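Each chain, letter by letter, is given below.
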Amino acid sequence: VQLQAFGGGLVQAGGSLRLSCAASGRTFSSFGLGWFRQAPGKEREFVAAMSWGGSSTYYADSVKGRFTISRDNAKNTVYLQMNSLKPEDTAVYYCAARYYTRMSYTDSPSYDYWGQGTQVTVSS
C-alpha cells in the first residue's frame, strides 16, 4: 500500500485545513486508518483514527471537538478536517494504515503503512 498525504500549509490560529491521504495498491476498505503528527523536537503522537468499517473513531484529547477524521472508500482516501487550529497544532502530519490487530489505534507500531507527511504550520 502506498499512502500520499497532502493538504498541509500555513494558516492563522483559528483557521481550518483539510488534510487528505490517498491510498493505492490494496483494498482500502479493509484497513484501519490513522493520523499522527510530529512537532520539532517531539515524538510522534496520535491524532485520530478510524476503524476499517468506519463505525468507530478515536481522537487525542488535544484535538477532540476540533478535528474530524473521515474516509471515502470509493476514492481510497482518508481525510482529517482540522478546525479552530492552534499554534500547538504545528507539526508534520502523517497518515497511516493497518491490517486488523487488537492493538490500540493510538499505538503507532500497530500501523503497517505510512505516508510521507505533510507540514501544517499555524501562526499566532
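Quick look at the structure, then. (Residues numbered from 1 in each chain as written. Predicted model: local features only at pLDDT ≥ 70, side-chain atom pairs only at ≥ 80, totals over all residues. Heavy atoms only, no water.)

Side note on the pairing of strand 9 (residues 91-98)
And step 1. For strand 9, the buried fraction is high: seven of the eight residues fall into the buried class.
And step 2. Sheet analysis places strand 4 (residues 32-38) next to strand 9, joined by seven bridges and oriented antiparallel. Note on strand 9: the bridge partner recorded for tryptophan 35 is cysteine 95.
And step 3. With three bridges connecting them, strand 9 and strand 11 (residues 118-123) associate as antiparallel partners. In the strand pairing of strand 11, alanine 91 is matched with valine 120.
And step 4. Note: strand 9 against strand 10 (residues 113-114), two bridges, orientation antiparallel. Following the sheet pairing, alanine 96 is matched in strand 10 by tryptophan 114. (Buried < 20%, exposed > 50% of the residue type's maximum accessible area, 1.4 Å probe, protein only. Helix = DSSP H or I, 4+ residues; strand = E, 2+ residues; numbered from the N terminus. Pairing = 2+ DSSP bridges.)

Examining the side chain of serine 51
And step 1. Take serine 51: it is sitting in the loop between strand 5 (45-50) and strand 6 (57-59).
And step 2. With residues near it in sequence (within four places) discarded, serine 51 still touches Phe31, Gly32, Ser56, Arg71 and Tyr105. (Contact = heavy atoms within 4.5 Å.)

Section: the sheet that holds strand 1 (residues 2-6)
And step 1. Here four strands make up an open sheet; going across it, the order is 1-3-8-7 and the pairing antiparallel. On the outer flanks of this sheet lie strand 1 and strand 7 (67-72), each paired with one strand and no other. Strand-to-strand twist of the sheet, defined as the mean angle between neighbouring strand axes without regard to direction, takes the value 15 degrees.
And step 2. Two elements, strand 1 and strand 3 (residues 17-24), share five bridges in a ladder whose sense is antiparallel. Its bridge partner being in strand 3, alanine 5 is matched across the sheet by cysteine 21. (Axes fitted to C-alpha atoms, helices over the stretch in contact; angles between N-to-C directions.)

Let's talk about the nonpolar core
And step 1. Of all hydrophobic cores here, the largest spans 36 residues; its most connected members are Trp35, Val47, Phe67, Leu80, Met82 and Tyr93.
And step 2. Among the secondary structure elements, those contributing two or more residues to this core are strand 1, strand 3, strand 4, strand 5, strand 7, strand 8 (77-82), strand 9 and strand 11.
And step 3. When residues no more than four places from it in sequence are discounted, the contact partners of phenylalanine 67 are Arg37, Val47, Tyr59, Leu80, Gln81, Met82, Asn83, Leu85, Asp89 and Tyr93. (Core = buried A, V, L, I, M, F, W, Y, C linked by side-chain atoms within 4.5 Å.)

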